[in-house]
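Observations on chain architecture
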Amino acid sequence: MEFLQALQGALAAYGLKVTDEQCAAMNRYYELLLAWNEKMNLTAITQPQEVAVKHMVDSLSCLDPEFIPPDSALIDVGTGAGFPGLPLKIVRPDIRLTLLDSLNKRLNFLQEVTSALKLKHVDIVHGRAEETGKSKQYRERFQVATARAVARLNVLCELCLPFVAVGGYFIALKGAQYQEELGEAQNALRLLGGDVAHIRPVKLPGLDDVRAVIYIRKIAATPGEYPRRPGMPEKKPL
Ligand code: SAM
């Protein structure tokens, strides 16, 4: 009950309209997150109010029909315990979701949540973005790629833009250093076919820290040499 109330309060404060059913789904997700967090490291954030704001509302802060059109194929890169991918899917069931992470253990949790919430069209993929982004099955197959708390923007561009079809968007959920990261990412954007379309500063209910959602449009195909082999994007950012 405590989480449900916190969630409803935080969603209303942020101005998001979510049905009772969708709130109940997020509540179940929260219960599973806490239960599984006992046996594996999924999140350091566990208090109801904090999970409601910093995981659920933060994930939903990137929702925008202009950049995530109906029935979009969306890949969440480095999804961890499912953020932002699963809250987006709960609120936008039309999305065809792919959750990608290199840590296999976490994927069992994602499978459990997907089954418990009876979510349809969710593909859970174990792999590194550097490799998965090279495979024909995934490369430039998505209207949208999202990522939160995976790497700095210049690195993330190399991990995420290869998945996005030309005309689609890579959506980065970023913290206080987003302007500095944007400056650093100019070369990567140019090389990989990305162009910053929109930056939305985000103020989460009850928090003072600065965040932003960065919408990057894919304006040209990513050259075949990218992403480079695993570890290289991080080691030698473009
Ligand atoms: N996105 C989630 C969130 O915001 O709560 C998880 C963030 S967690 C700090 C980073 C996640 O990215 C980890 O689960 C890690 O395994 C994954 N990851 C890091 N590098 C990756 C890569 N190259 N390919 C796929 N997953 C990666």
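Structure's up top.
Presented here is an overview of the structure given in this document. (Residues numbered from 1 in each chain as written. Predicted model: local features only at pLDDT ≥ 70, side-chain atom pairs only at ≥ 80, totals over all residues. Heavy atoms only, no water.)

So, about the side chain of K89. Looking at the element boundaries, K89 is found in helix α4 (residues 85-91). For K89, which is buried and forms no salt bridge, the nearest opposite charge comes from D94, at a distance of 7.3 Å. Among the polar contacts listed, one links the side chain of K89 to the backbone oxygen of P93, at a separation of 2.8 Å. Discounting residues that sit within four places of it in the chain, K89 has contacts with I95, L97, L119, K120, H121 and V122. (Helix = DSSP H or I, 4+ residues; strand = E, 2+ residues; numbered from the N terminus. Buried < 20%, exposed > 50% of the residue type's maximum accessible area, 1.4 Å probe, protein only. Lys, Arg positive; Asp, Glu negative; His and termini not counted. Salt bridge = Lys/Arg side-chain N within 4 Å of Asp/Glu carboxyl O. Polar contact = N/O pair within 3.5 Å; in protein donor to acceptor, adjacent residues only side chain to side chain. Contact = heavy atoms within 4.5 Å.)

For the rest of this paragraph, the subject is the pairing of strand β3 (residues 122-126). As paired strands, strand β2 (residues 96-101) and β3 are joined by five bridges and run parallel to one another. The residue of β3 that forms the bridge with D101 is H126. For the crossover from β2 across helix α5 (residues 104-116) to β3, the handedness is right-handed. (Pairing = 2+ DSSP bridges. Right-handed = clockwise from strand over helix to strand, strands pointing away.)

The next subject is the packing of helix α2 (residues 20-37) against helix α3 (residues 48-60). For the pair α2 and α3, interaxial distance at closest approach is 12 Å and the crossing angle is 120°. Taken together, the axes of α2 and α3 lie oblique to each other. α2 and α3 meet at a crossing whose hand is right-handed. Seen from α2, the contacting residues are M26, Y29, Y30 and L33; seen from α3, they are P48, V51, H55, M56 and L60. Partitioning the contact of α2 with α3 into residue classes produces eight nonpolar, one polar and no charged. (Axes fitted to C-alpha atoms, helices over the stretch in contact; angles between N-to-C directions. Parallel < 35°, antiparallel > 145°, perpendicular 65-115°, else oblique. Left-handed = near helix turned anticlockwise from the far one by under 90°. Nonpolar A, V, L, I, M, F, W, Y, C, P; charged D, E, K, R; others polar.)

Before going further, it helps to examine the site of the ligand. Taken together, 15 residues lie around the ligand, and G78, F83, D101, R106 and R148 are the ones closest in. A distance of 2.7 Å separates an oxygen atom of the ligand from a polar atom in the side chain of R106. In this structure, an oxygen atom belonging to the ligand sits 2.6 Å away from a side-chain N or O atom of R148. Look at the ligand: alone it shows 600 Å² of surface, and the protein chains cover 78% of it. Partitioned by chemical class, the residues of the shell around the ligand number five nonpolar, five polar and five charged. (Near = heavy atom within 4 Å. Areas by Shrake-Rupley, 256 points an atom, 1.4 Å probe, with all protein chains shown as cover.)

It is worth spelling out the nonpolar core at this point. Looking at soluble globular proteins, one finds that nonpolar side chains tend to be buried together. Membership of the largest hydrophobic core comes to 55 residues, with the highest contact counts inside it found for L11, M26, Y29, F109 and I171. Elements with a contribution of two residues or more to this core: α1 (2-14), α2, α3, α4, β2, α5, β5 (164-174) and β7 (211-218). At eight residues, α2 tops the list of elements feeding residues into this core. Not counting residues within four places of it along the chain, the set of residues in contact with Y29 comprises M56, A81, G82, F83, L86, P87, I90, F109, V113 and L117. Among the nonpolar cores identified, the runner-up in size contains 33 residues, and I75, V125, V164 and A185 belong to it. (Core = buried A, V, L, I, M, F, W, Y, C linked by side-chain atoms within 4.5 Å.)

What follows concerns the packing of aromatic side chains. Per the counting criterion, the structure on display carries eight aromatic pairs. What links up through ring pairs into an aromatic cluster is the set Y29, W36, F83 and F109. Of note, K39 hangs over the ring of W36, and the distance from its end group to the ring centre comes to 4.1 Å. (Phe/Tyr/Trp six-rings, centres within 6.5 Å; stacked < 30°, edge-to-face > 60°. Lys NZ or Arg CZ within 6 Å of the ring centre and 35° of its normal.)

Any functional reading would require information beyond the geometric quantities listed.
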